[in-house]
Amino acid sequence: MKVVDHIKKAAGKTLFSFEILPPLKGQNIQSIFDHIDPLMEFEPPFIDVTYHREEYVYKELPSGLLQKKVVRKRPGTVGICAAIQNKYEVDAVPHILCGGFTKEDTENFLIDLDFLGIDNVLALRGDAVKNETYFSAEKEGHTYAKHLVKQIVGLNKGEYLDEELLNKSKTNFCIGVAGYPEKHMEAPSLDQDLLRLKGKVDAGACYVVTQMFFDNKKYFEFVDKCRKAGITVPIIPGLKPLATKKQLSILPHRFHVDLPDELTLEVLKCKTTAEVRKVGIEWCIQQSKELIEGGAPVLHYYSMGKSDNIQKIVSALF
Ligand SMILES: Cc1cc2nc3c(=O)[nH]c(=O)nc-3n(C[C@H](O)[C@H](O)[C@H](O)COP(=O)(O)OP(=O)(O)OC[C@H]3O[C@@H](n4cnc5c(N)ncnc54)[C@H](O)[C@@H]3O)c2cc1C
């Protein structure tokens, strides 16, 4: 079932969903099930699975020369999605990137998803490869998420890259895209970024999931601006409970988000990581309550491989 149909069916009730990362190469899928199992009692209608593109690592050879190697540390997005749908009978939402994909790779990826009965995708550009400053697309790939959305919409109409194909069956994907209440780091202004978001929705995206934020005002203002700009699709807030003191600098650096002083000061007072986690959980519960009151369609949690804090949060809410 499509994410937007889950939202329609809920008729105004806020739903719960979360995002998981494929395990590091070498680990088995049980680690993912152990992570999902405790959250199933809260009946998520869908679970997102992130996509991790290749990275370049440099290995020193005995000669002293450096050898460039391409590695994918977290493969398995499609397999995990299939396993989730099979085991839990909930919809899995694979993330799909422009980065590292040619249009042909994208088409083949989508065909696999369609054959597996996956109805939703979150279409993203992806970041620059580690060690590089700027994102660069594959020669035959997409530069912006909007173009990826267009290709998926095309496939939904039966438009394949090879126009001479016979028996062109249509896919039926519901497409989500990313939105940034505090602006995407590369956008010259929030207004410009909103125009780009509108471009993705006009191209056929059915819903938006936001980057994490720690101050609800940012989300509510963002939704307001989106509505004024003519973006009418559901805007799902993305939430992350703060879990370590280090994240006070890691999260702003990595995700370009601000942390409210009140939260920062509470975290700085903590003597142990357990205390920080407690503060993070309490903050996230308050944020979630306010978002439910404010009519958020879904609360979407970035679990980042840990479910115990998400479990504590949702058990206070759902
Ligand atoms: C909910 C969510 C889930 C994510 N999941 C993943 C994941 O699984 N794997 C992963 O690698 N990354 C993931 N990311 C990170 C994401 O890939 C990065 O934030 C990336 O830098 C931007 O992706 P996008 O789809 O928003 O890009 P785009 O919408 O393409 O925008 C990228 C930048 O280009 C600008 N722009 C857009 N169109 C144009 C244009 N025509 N001309 C000039 N500028 C333009 C935008 O304003 C923005 O600054 C996720 C992010 C979010 C919010």
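See the structure above.
Reading the values: the criteria
- Residues numbered from 1 in each chain as written.
- Predicted model: local features only at pLDDT ≥ 70, side-chain atom pairs only at ≥ 80, totals over all residues.
- Heavy atoms only, no water.
- Helix = DSSP H or I, 4+ residues; strand = E, 2+ residues; numbered from the N terminus.
- Buried < 20%, exposed > 50% of the residue type's maximum accessible area, 1.4 Å probe, protein only.
- Phe/Tyr/Trp six-rings, centres within 6.5 Å; stacked < 30°, edge-to-face > 60°.
- Lys NZ or Arg CZ within 6 Å of the ring centre and 35° of its normal.
- Disulfide = S-S within 2.5 Å.
- Core = buried A, V, L, I, M, F, W, Y, C linked by side-chain atoms within 4.5 Å.
- Contact = heavy atoms within 4.5 Å.

(A) Unusual backbone geometry, seen in detail. Phi at Glu 89 takes a positive value of approximately 55°, unusual for a residue other than glycine. Here Glu 89 is to be found in the loop between α3 (77-88) and β5 (91-97). For Glu 89, a relative accessible area of 71% corresponds to the exposed category. Even without being glycine, His 256 reaches a positive phi, approximately 60°. Looking at where His 256 falls in the secondary structure, it is placed in the loop between α8 (247-255) and α9 (261-269).

(B) Just the packing of aromatic side chains, in detail. Evaluated as defined, the whole model comprises 10 aromatic pairs. Within the aromatic cluster, the residues linked to one another by ring pairs are Phe 16, Phe 18, Phe 42, Tyr 301 and Phe 318. One residue, Lys 68, lies across the ring of Tyr 56, its end atom 4.2 Å from the ring centre. A cation over an aromatic ring shows up here: Lys 87 above the ring of Phe 33, its NZ or CZ 4.8 Å from the ring centre.

(C) The arrangement of the state of the cysteines in detail. Across all of its chains, the model carries 0 disulfides by this definition. This cysteine, Cys 284, is not joined by any disulfide, and Cys 270 carries the nearest cysteine sulfur, 15 Å off. Cys 284 gets classed as buried once you look at its relative accessible area, which sits at 1%.

(D) Fine view of the nonpolar core. Ranked by size, the top nonpolar core spans 95 residues in total, and within it Ile 20, Ile 36, Ile 84, Ile 152, Tyr 207, Phe 214 and Tyr 301 carry the most contacts. Not counting residues within four places of it along the chain, the set of residues in contact with Ile 84 comprises Ile 20, Ile 36, Ile 47, Val 49, Glu 89, Val 90 and Ala 92.

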